[in-house]
Every structure is written in C-alpha cells, then in structure tokens.
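Architecture at a glance
This is what each chain is made of:
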Amino acid sequence: MPGFVHIVDDDASFRTALERRLRLAGYCVATYASALELLDRLPDNEAPGCILLDVRIPGMSGPELQRRLNELGSTLPIVFLTGHADTATTVQAIKAGAEDFLTKPIASEQLIEAINRGIARHDVARSQRTRLDALRTLLAKLTPRERQVFDLIVRGRINKQIAFELGTTERTVKAHRHQVMEKMQVQSLAELVSIAERLGTREADDKEQG
Amino acid sequence: MGKAIRLSGLIILLVALLPPVGLRAQEMRPHSMLVLDQSDRRGPFYYQIFAALRAEVGAHAHAPTTVYSESLDLTRFGGEAYEDSLRQFLETKYRDRPIGVVVAVGTAALELVLRWRPSLWPQAPVVFALVEETEFARLRPPSFVTGGIVATKFADAVKAARAVVPNLTTIALVAEDWKRQLVFHNWKEEVEAGATDVRVIEIIGLPMEEVLERVSTLPENSAIVYSGLYSGRTGSYQPPAETLRLVAAKANRPIIVASETFIEPGGIGGFVLVPTTIGTDVARRALRILDGEIPERLPPSVIDAVKPVFNWHQMQHWNVSEASLPAGSRIELREPTVLEKYRWRAVMLAAALLVQAVLIAFLLHERHLRRKAEIEARNRLSQLAHINRQATAGELSSSIAHELNQPLGSILTNAETAELILGGVKPDLAEVREIISDIKRDDLRASEVIRRMRSLLKRAPFETKEIDLNLTMREAFDFLALQASARNVAFYLQTSPQALRVKGDPVQLQQVILNLIVNSMDAMAKMPYGRTIIGRTEVDGDASAVISISDSGPGIPQDKLNDIFDPFFTTKEQGMGIGLSIARTIVLAHSGQIWAENQSGGGAVFHLSLPLAA
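For the structure given in this document, a descriptive report is provided here.

Scoring rules and cut-offs
- Residues numbered from 1 in each chain as written.
- Chains lettered and ligands numbered in written order.
- Predicted model: local features only at pLDDT ≥ 70, side-chain atom pairs only at ≥ 80, totals over all residues.
- Contact = placed C-beta atoms within 7 Å.
- Helix = DSSP H or I, 4+ residues; strand = E, 2+ residues; numbered from the N terminus.
- Nonpolar A, V, L, I, M, F, W, Y, C, P; charged D, E, K, R; others polar.
- Buried ≥ 20, exposed ≤ 12 C-beta atoms within 10 Å, placed from the backbone.
- Pairing = 2+ DSSP bridges.
- Axes fitted to C-alpha atoms, helices over the stretch in contact; angles between N-to-C directions.
- Core = buried A, V, L, I, M, F, W, Y, C linked by C-beta atoms within 7 Å.
- Domains from an automatic or database assignment.

Regarding the interface of chain B and chain A
If you look at the interface, chain B gives 23 residues, while chain A gives 19 residues. Sorting the residues of the side of chain B that touches chain A by element identifies helix H15 (397-423), helix H16 (429-457) and helix H17 (469-486) of chain B as the ones contributing at least two each. Ranked by the residues each element gives to the side of chain B that touches chain A, the list is headed by H15(B), at 17 residues. Tallied by class, the residues present in the side of chain B that touches chain A amount to 8 nonpolar, 10 polar and 5 charged.

Thoughts on the environment of B:Leu610
Residues and elements named next belong to chain B. Residue placement: Leu-610 occurs in strand E20 (residues 604-611). Taking the C-alpha atoms as reference points, Leu-610 and Ala-543, separated by 67 residues in sequence, lie 8.5 Å from one another. For Leu-610, the residues in contact, after removing those within four places along its chain, are Val-502, Gly-504, Ser-544, Ala-545, His-590 and Gly-592.

Description of the pairing of strand E10 (residues 269-273) of chain B
Residue and element names in this part refer to chain B. Burial analysis of E10 places 5 of its 5 residues in the buried class, the great majority of the element. Pairing of E10 with strand E12 (residues 306-311) involves 5 bridges; the strand directions are antiparallel. Paired with Phe-271 across the two strands is Pro-308, which belongs to E12.

Describing the sheet that holds strand E1 (residues 4-8) of chain A
Picture the strands of a sheet paired through backbone hydrogen bonds; they go either parallel or antiparallel. All names here are of chain A. Strand order in the open sheet formed by 5 strands is E2-E1-E3-E4-E5, with parallel pairing between adjacent strands. Taken across any chain shown, the strands that pair with only one partner, and hence form the sheet edges, are strand E2 (28-32) and strand E5 (100-103). In this sheet, neighbouring strand axes are inclined to one another by 20 degrees on average, regardless of whether the strands run parallel or antiparallel. Note: E1 against strand E3 (residues 49-54), 5 bridges, orientation parallel. Across the sheet, Val-8 pairs through a bridge with Leu-53, a residue of E3. Of the strands in this sheet, E1, E3 and strand E4 (78-82) touch helix H3 (residues 62-71), which is tilted by about 145 degrees from E3.

Side note on unusual backbone geometry
Residues and elements named next belong to chain A. With an omega of -5 degrees, the peptide bond running from Lys-104 to Pro-105 counts as cis. With respect to the helices and strands, the residue Pro-105 is situated in the loop between E5 and helix H5 (108-140). Not every positive phi belongs to a glycine, and Gln-185 is a case in point at roughly 55 degrees. By secondary structure assignment, the location of Gln-185 is in the loop between helix H8 (170-183) and helix H9 (189-199).

A closer look at the nonpolar core
Residue and element names in this part refer to chain B. Of all hydrophobic cores here, the largest spans 88 residues; its most connected members are Val-103 and Ile-256. Residue contributions to this core reach at least three from each of two domains, namely domain 1 (20-150) and domain 2 (154-272 + 305-338). Within the second largest apolar cluster, 38 residues are counted, among which are Val-502, Ile-547, Phe-565 and Ile-586.

Here's what the structure looks like:
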C-alpha cells in the first residue's frame, strides 16, 4: 500500500537512509531538514500519505510542528521518531493525535507497518470525509423551506405538526417532504434520520432550541 | 798506772759521752754541693739533668744550699794531662770553699771523682747519676758513694724498633766511636754478643757524609738506632741532638733513640733516658746527705729513668699506630686534632649544624605534609570534579542517547536496505557501495560520541600536559551542540588564530568550560527566544590565555556577583550550586583566575584566564 511519506529530520544521514529504504519499498518520499521547510511546502492533505517526524529538530521541535499542522487542518498521520523517548513527550504527542511513537534505531518492517497503518487510517478517514461531503452537497441543494421541513422530519414531527409550526397546510408539507426525500436520494425516513445524524444537524438544531 | 787507768777510763767516758763521729760530721757538713758533669752542659740532655737538680735544690727551702758546677767535657777532651789540670783547677778554685757533697754526673765523672776525692774532698760523700748498671758493677764504688743506676739496654732499642717496624730484620746502629761514647758504651758488648736475633749494621765512628749516605739507603724492614754523634758535617763538634737532625733529614727509615732529648730532633722514640728523673733523683739523694743522712743508709739503686716515649709526628710519618707501641708508652709532640684545636668552634659549629639539621628536617616534614595535603586536595578535587562530570553526563544523557541512536538508526536502516537490494534480481551495486560508505561514516560518528562520553566520565587522576585551549573549547562546544539545539540556544565560537598552549588537565579544563556553558544555558531557560551563547578565546599580553563565555540571559544581580562561585550557591530551582564552584576550584588549581561580570548590553559574561605554557 505505497503512498507519500514526508520525512522531517535534521540528520542528513538518517534522512538519506530512510529515503532509500522507503523508496525501495515503493513509497514516494519527500525529505525536510527542519519543521519550517515542511511548513514552506505543505504536503497534500488529500493524497494518501504519512509524516515521519523527528522529535528533536533545530528550530521548531517535532511536537510543536504537530500542533501547528493540526491548527492548519492537516489530517496527515504523524509517526514520531526519536533517538531518546521520554515519557512526557510521548504522552503529549499521542494525545495530540500522533499515529505512533517509535525509537531509533528502528527495524524497517516495524516502521513500514506503522507507516501503512497511518496511511490506511488516513485513507478511511478520507473516504468517510468524501461521503459526508456528498451528503452535505445534497443538503445544500434543499430550498430554505425544504430545509426547515427536513429538520423537522428528522426530529420525528408528523406532517400536521410541521404544517402548524410552519403555518402552512398539511398538503404543502407533504409536497415538500416528497421533494426532500427525492433531493436527498433516500427511500425511507430512517435513512434521512441517519444522514442528519452523520452530518450533525440534529444536535446543532437541538442546541439552538435548547 | 792506776792513775793512767783512771785517765783512760775518763777518756773512754768522755768518748762515750761525745756524740757519734757521724753525727758530728753531719753537724759540721756545709750546705754546698759541687756538681761535676762529664759532658758539656750546653747540650740539652745534661742541661735538663742540671735544671731538674737545680729545681729540686731550690725547692729545698729549709736549708739553702750552694750549688757549684763544672762541666768536665770529657767527650771532647781527655788524657792524663787534661785530667791532672782539671784536678789542679778544682783544687785551686775550691780551696776556700767547703764542699758538703760531690755530685758526679756520668760514669766518667764518677771515676775521676773517686780518684780525686782523697786529695780534694776527703770528707765529702759522693752521689752519682747516669751510671749504667754494667759500669756500676765494674766500678764497685765504696760505701760513701751512692746514686741512681740506670739500665739502658740495646735489647730495649731493638724491642722499640720491632714495635715501629713490624717485620724487623735489620738494625742500623748509628753511633760515635765506642771509645768516645760515655753513656751507651755498654751496648758494645751487647751488640758484639749478638744477643738479639736481628742483623745489626754498625754505622759507627764514620764521617758524617758517609753516615748520611748510608742512612738514606737502608733496606726495607729495617730501623735506625741512634745513640749519639758529636761531629757535624765538617767534623766540628755538635751536641748529639743537633747531629740527629741531620741524620733524620736523610734517613729513609725510622730512628729509634734512647734519650728523651733525641725525640724532638727527629727520633721516632724508644725506651729513653729521662734527664729530669735523673736530675731529680740525684738532687734528692745529695740533699738528704746534706741534711745528715749517711750515704751507707742510702745505697745505690736502679732508678726508673727509662721510659717508652714516642714522637707523634714521626709516627704519622712512618705510619705507626699507637696500638703497636709497647704498653705504657707516652706520646710526645702530639698535634692536637682539628677538633681538639678548635674545640669551641667545633662545638658551636656542630650545634649550629644540629639546629640547622633539625630545622631542615622540620621543614622537610612540613613540606611533606603540605605535599600530602596538596595531593589529597587534588584527589578530592578530582573526585568532586568526577561527580560533577557524572551529573553533567546525566543531564546530557538524553542528548547523548539521541546522538548515539541517530547514527545507529541510520546504520540499521542502511544495512536492511542493502540486504534488500542484494536480495533482488538485479542488485544495484553502486547504490550498495554508497550505502556501505554511509554505514562506515555513521559507525565512526557513533564511536566518536562514545569516546567523548568516556572522556567525560573518565575518572582520571589529576594529570598535567600541554594542551591547546582552542581545541578544548571547540570540543566543549561540539559536545553541547545538540543540547543547545534542543534548548534553542544559538552557539557562536570565536577562537584566537594562534594556538593557546597551557599546562593543565584536559578533562578538568574541558569540564570548566562545559560548566560555564551549561550554566549560561540554564540561565536563559525562561527566555522565550533569542538565546545566544558566544565563546571567545584570546591571548592577554604574552603571559595568559583568556576564555570568555557570554550569554544573552538576564545577567547576574550586582549583589550576587561575588557569591556565584561559592559552593552551594544557586539561583536555579534544581541546581546544586556546585558547577561554578568546581569550575573555580579547578581554575585555581591551574594557577588561573575566573570571574564574572554583566555585559553593558545585557547578559552575563564569564572569563577565565590561565597562564600560557612557556
């Protein structure tokens, strides 16, 4: 499952060694001597990939870079590599969402395993994100009136209640409801509720109301 | 007839009532003595006899005694006419002088006195001196004669010669013609009898030139026995003591003598006649007779006038030790030894030396203690420094692990890669070669890290060698480079263009620099950015090297500038306060100085100066 691997390490020799090994394993490899270098050429978040990050690098440290990437909305998994693992740094990195925390010297199978795991997770997350994005697009196509109807349907209101709330007739609501089902490409009310659930619209509305 | 008997009875009575004749004679005896020498009193021997006699008489204070004296000079003059003229001279001279006792010094004088007495001093008792045993036996003097008999034996001279010359085989007897010898005449028979088992060369009655010639060519294991020569070089008369000087100057062997007066002019010694003893003895006898004792009560006796006496100078010259001399020997002319001569000075000197020696010993002891203390202090310093280095190493352990794992990681990965490449169908050997060269480089890197670590942890005794401070400085900066990057500290190092040769312990001096840098890094820990450390080395004048470490931290509070090098002084939360104090101790042990100040632009600067190696 080759992908794109970004190596951030100030040690040129280690960088070269890893690059060599990973290229041999079929990965695309980009190397960076410092955190700033990586920030200058931000890797593509969408391409399947992984960042290998040394904890101790001059200038911005590994964990600092991790924080910065999170802020920038990067979802690329980060595998930390360090010459000396102290507990505090490890816990901090894992809490901040590091994929793995490995100590040098590291056997390449183990490293590749970690990289693959990261890429796979990134892949799943990415595809999930793609499907949600599609649902959001569908939702966006609803007219404001249809959106109101949608919100009320997923909360389990019956047509009569909806008509009363929106100050319209039950017939009109029925028509809107049909439109919504059509536009959202669902056959049943249950499916519609599930979409609302995944997109998180229900909670938001609840809060508004609550 | 009856009347005649009565008369004769009266006479007998009177005679019986009269004091004994002797007693009457005593009462009538004048307190005067006539001393007749057989020789010339200008020679020391007879002079000393007479002087002793004179002294004894002088001491006899209760009865002042007149002493007349004549030298008969019989060694040089003789013959009936001479003797007769002497008798007439004495008769004329002392006609009106009553003589209480006649003293004859020497056998020859005694013979003449005995011959002249009936006509010259019919009443006077005779006291003699210096008459040899055999002569006395020959003369058998009558009862009014008394005196001290002396025993001078040639055998004694041989005995003395043996003491002086251990393997004695030959004796050269240097003497006047027997006829002219008045004192040691008796040796003639002894020598002729061959009583001793040594060969005797007789150098007797020869002209002086020949004597000198012969005494200078005597064989080994021989000794000279000198009894007296009266003729000088030109045949003129000379006292025998003076003649002995000539002989001694030429003699190639030690000279045994038989008279005390021969010791000083060059005789090594022997059983000698002591003239004072003779003089004293004869004076005592004469005075007792003048005091009324009759000579018959004072029979002639052998007196103890012969003593073993030796000449210290000659003993040194002939290398004769005191131990080999006959028992009871007296040593004359002994030169005091240097110690005896300068006794007080020697005592003072010895005392001074002793005091000095004690002082020196004390000082040496002090020095030893000080050296021991110094070594101890140095060992303590080494121990403390070692502990400090261990602490530093502990602080640096994560850096070091990182530094070590970096190359190890590269090596592992590279090795695996190479393995994979070689396992492929068509291995890219060029890349494998490249990988291997990378592995080699990383391996060296790892071992360098270990070497540095070891040098820091090495528990080395204090050692001094010549080192370049620039190198030490650079090594310390390299050592902490990783730590610095982890702590976001920028390092700058400016070393002097020329080498800074100092004498010192490289490990400890490096530690000083490490401590200063770590201290500066710690001081800047709370700063958000802009952490900088600048190291500098330079030559100050010609004599010292100066290192400075400046930082961009908050600086040192003015009131603490003097305290920061004190042990256990710290401003850090977790500091022990020993880093700087150890730095100072090490610098002081290297005869250097260390001080701190604040820079005008902010931050502290530490300086240390060390004397340059000559």
